[in-house]
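Each chain, written out:
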Amino acid sequence: MTGRGDEVVIPGCSPFNVASGRIWCRKEAMKKTLFALLALSCCLPVMAQDKPKPVTMDFSVNWHQWRGPLANGLAPKGDPPVKWNESTNIKWKVAIPGTGSATPIVWGNQIFLVSAIKTDRKPKEIAGKAPPAKRPGGRGRFGGFRMSTPTPTTLYQFVIHCLDRATGKTLWQKVAIEEVPHEGHHPSHGYASASPITDGQHLYVSFGSRGVFCYDLKGNFKWKRNFGDMRIKVGFGEGTSPALYGDSLVVNWDHEGDSFITSLNAKTGKEIWRKARSESTTWATPFIVEHDGKMQVITNGRTRTRSYDLATGELLWQCGGMTGNPIPTPVTRNGTAYLMTGFRGYALYAIPLSARGDLTGTDKIIWHRNQDTPYVASPLLYDNLLYYTKERTGMIACAEAATGKVHFSGERLADIRTIYASLVGAAGKVYVTGRGGTIVVLKHGPKYEVLATNKLGEGIDASPVIVGKELILRGQKHL
């Protein structure tokens, strides 16, 4: 791969896996008129035998998945604002119908996001089968206290929105399905928490128990796959996003039933492979990375974090030591994966991607820590620095990825009490988002230095999106 300025010349092939540092692109996505609008362009690799000729691509914008173009929270060519409020540096603001905490994604001039819209309509009896009975909160089926909202009795619309990035106007809107959810959710959660993902040609959306859907970028339906109803621990609700690499769409299905991970053909929705997982409920989004010519799918878990061969589903390596309720998605750098959890305990492990077998308690682990790791938010890997928050609190740490050396830990972020959104970074800055709508901007580096503290008028659970000089924020009611 060669480059000049913001352009990268890419020797041959279809989309790319930015997480691995290897980039491919599609000719049809390279139109100059489109990329004049972009802020970072990426597509995901297709395992095609035919290799197209090298093309030139403007490496400046796209945020095609919830963790960004490099799958680690970093926008390499982004340069968003440092300061803003409700009346300053706001390009546009639009209300989004329904609710949802899923992070939006961006492809060119299109922003894609999902929501669940409650209706007052009751479901009709189908084939003599009555609608599901209302199940209240309180004690759950699986023991312990059910911290969930009551099971709905009216229909919800599960909606995909496509907005114009320049104006915020709706380009198209599709109701993927209309259904009564079979369970409630955590009061701070909802029914639209899984982020979409795109390869620049198709949009893939998971509404969990409602199904996995594929559309083209004009909103034309392509296929749907349904795995049945998930049974989530204490009714917390669903929230695992799919992962995409070429023709493989990976879905993790951890719940209080028969858990599994599966790879679907992204063109057809047909199952390529499925592997059972000895896991109960997680909210762990798979992470796909290449190492030594093999694509690995790394998925967090409470009993083991596991790596699978993307082509076959074969288990490559696994490592125990995580805490309960695994959520943070791993990040990787220079052949090392960084795994972490932070619910009722702390765990951070640096694992070589070349490892095989069960690494639990072995000297194959490069380094590990058991302090100040995140419960919900995924970390930011920026150069050799690993940024991560403590549990759900407004406290942050920074460590060297190569050695685990801690530069700072337990630093209190002003006006942030609770964090759900994952960390992002660009242009020497780190953005940390609080649930109350405050975003603290830090200077990237081993020293804790606050550049700005910004407040908006509503809560934010979705992760920020960086495209060029723009920062896209999804609040509780507005984008």
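The sections below set out a description of the structure shown in this document. What you see is a predicted model, and the numbers here were worked out from it, not measured in a lab.

## Focus on the sheet that holds strand β9 (residues 170-179)
Within a sheet, each strand pairs with its neighbour through backbone hydrogen bonds, oriented either parallel or antiparallel. Taken in spatial order, the 4 strands make up an open sheet running β4-β5-β8-β9, and their pairing is antiparallel. Taken across any chain shown, the strands that pair with only one partner, and hence form the sheet edges, are β4 (105-107) and β9. Here the average twist between neighbouring strands, direction ignored, is 25°. Relative to β9, strand β8 (residues 156-164) runs antiparallel, the two sharing 8 bridges. Within β9, the position partnered with Ile160 by the bridge is Lys174.

## Regarding the packing of aromatic side chains
By the definition in use, this model includes 15 aromatic pairs. Geometrically, the ring pair formed by Tyr204 and Trp223 is tilted, given 6.2 Å between the ring centres and 45° between the ring planes. You can see Tyr204 sitting in strand β11 (residues 202-206) and its partner Trp223 sitting in strand β13 (residues 221-225), a full 19 residues away along the chain. Side by side, Tyr204 and Trp223 carry an identical accessibility label, which is buried. Among the aromatic residues, ring-to-ring pairing joins Phe158, Phe207 and Phe213 into one connected group. The positively charged end of Arg274 is found above the aromatic ring belonging to Phe260, 3.9 Å away from the centroid. Over the aromatic face of Tyr420 sits the side chain of Arg435, whose NZ or CZ is 4.1 Å from the ring centroid.

## Details of the sheet that holds strand β34 (residues 450-455)
Strand order in this open sheet of 4 strands is β31-β32-β33-β34, and the pairing throughout is antiparallel. The open sheet has two edge strands with one neighbour each: β31 (424-426) and β34. Taking each pair of neighbouring strands and ignoring which way they run, the sheet shows an average axis angle of 20°. Sheet analysis places β31 next to strand β32 (residues 429-433), joined by 3 bridges and oriented antiparallel. Counted as the bridge partner of Val424 is Tyr431 from β32.

## Details of the pattern of salt bridges
One pass over the structure, following the stated rule, counts 18 salt bridges. Of the charged contacts, one joins Glu178 and Arg121 as a salt bridge, the two residues approaching to 2.5 Å between their closest N and O atoms. Placement of the pair is Glu178 in strand β9 and Arg121 in the loop between β5 (110-118) and β6 (138-139), with a sequence separation of 57 residues. Relative accessible area serves as the criterion here: at 34%, Glu178 is assigned to the partly exposed category. One salt bridge connects Arg225 with Glu271, and the closest N-O pair in it is separated by 3.8 Å. Of this pair, Arg225 sits in strand β13 while Glu271 is found in strand β17 (residues 271-276), placing the two residues 46 residues apart along the sequence. For Arg225, a relative accessible area of 22% corresponds to the partly exposed category. On the basis of relative accessible area, Glu271 is assigned to the partly exposed category, the value being 32%. Connected through salt bridges with shared partners, the residues Asp79, Lys429 and Lys469 form a single ionic network.

## Notes on the layout of surface pockets
Considered as a void within the structure, the second largest pocket measures approximately 470 Å³ in volume. Around the second largest pocket, the lining is made up of 21 residues, and of these Ile90, Trp92, Leu471, Ile472 and Leu473 lie nearest the centre. Here the lining of the second largest pocket is built from residues that sort into 10 nonpolar, 4 polar and 7 charged.

Reading the values: the criteria
Residues numbered from 1 in each chain as written. Predicted model: local features only at pLDDT ≥ 70, side-chain atom pairs only at ≥ 80, totals over all residues. Heavy atoms only, no water. Pairing = 2+ DSSP bridges. Helix = DSSP H or I, 4+ residues; strand = E, 2+ residues; numbered from the N terminus. Axes fitted to C-alpha atoms, helices over the stretch in contact; angles between N-to-C directions. Phe/Tyr/Trp six-rings, centres within 6.5 Å; stacked < 30°, edge-to-face > 60°. Buried < 20%, exposed > 50% of the residue type's maximum accessible area, 1.4 Å probe, protein only. Lys NZ or Arg CZ within 6 Å of the ring centre and 35° of its normal. Salt bridge = Lys/Arg side-chain N within 4 Å of Asp/Glu carboxyl O. 1 Å grid on protein atoms, 1.4 Å probe; cavity = no way out; pocket = protein on both sides within 12 Å on 5 of 7 lines; lining within 4 Å. Points joined across faces, edges and corners; volume = space filled by probe spheres on them. Nonpolar A, V, L, I, M, F, W, Y, C, P; charged D, E, K, R; others polar.

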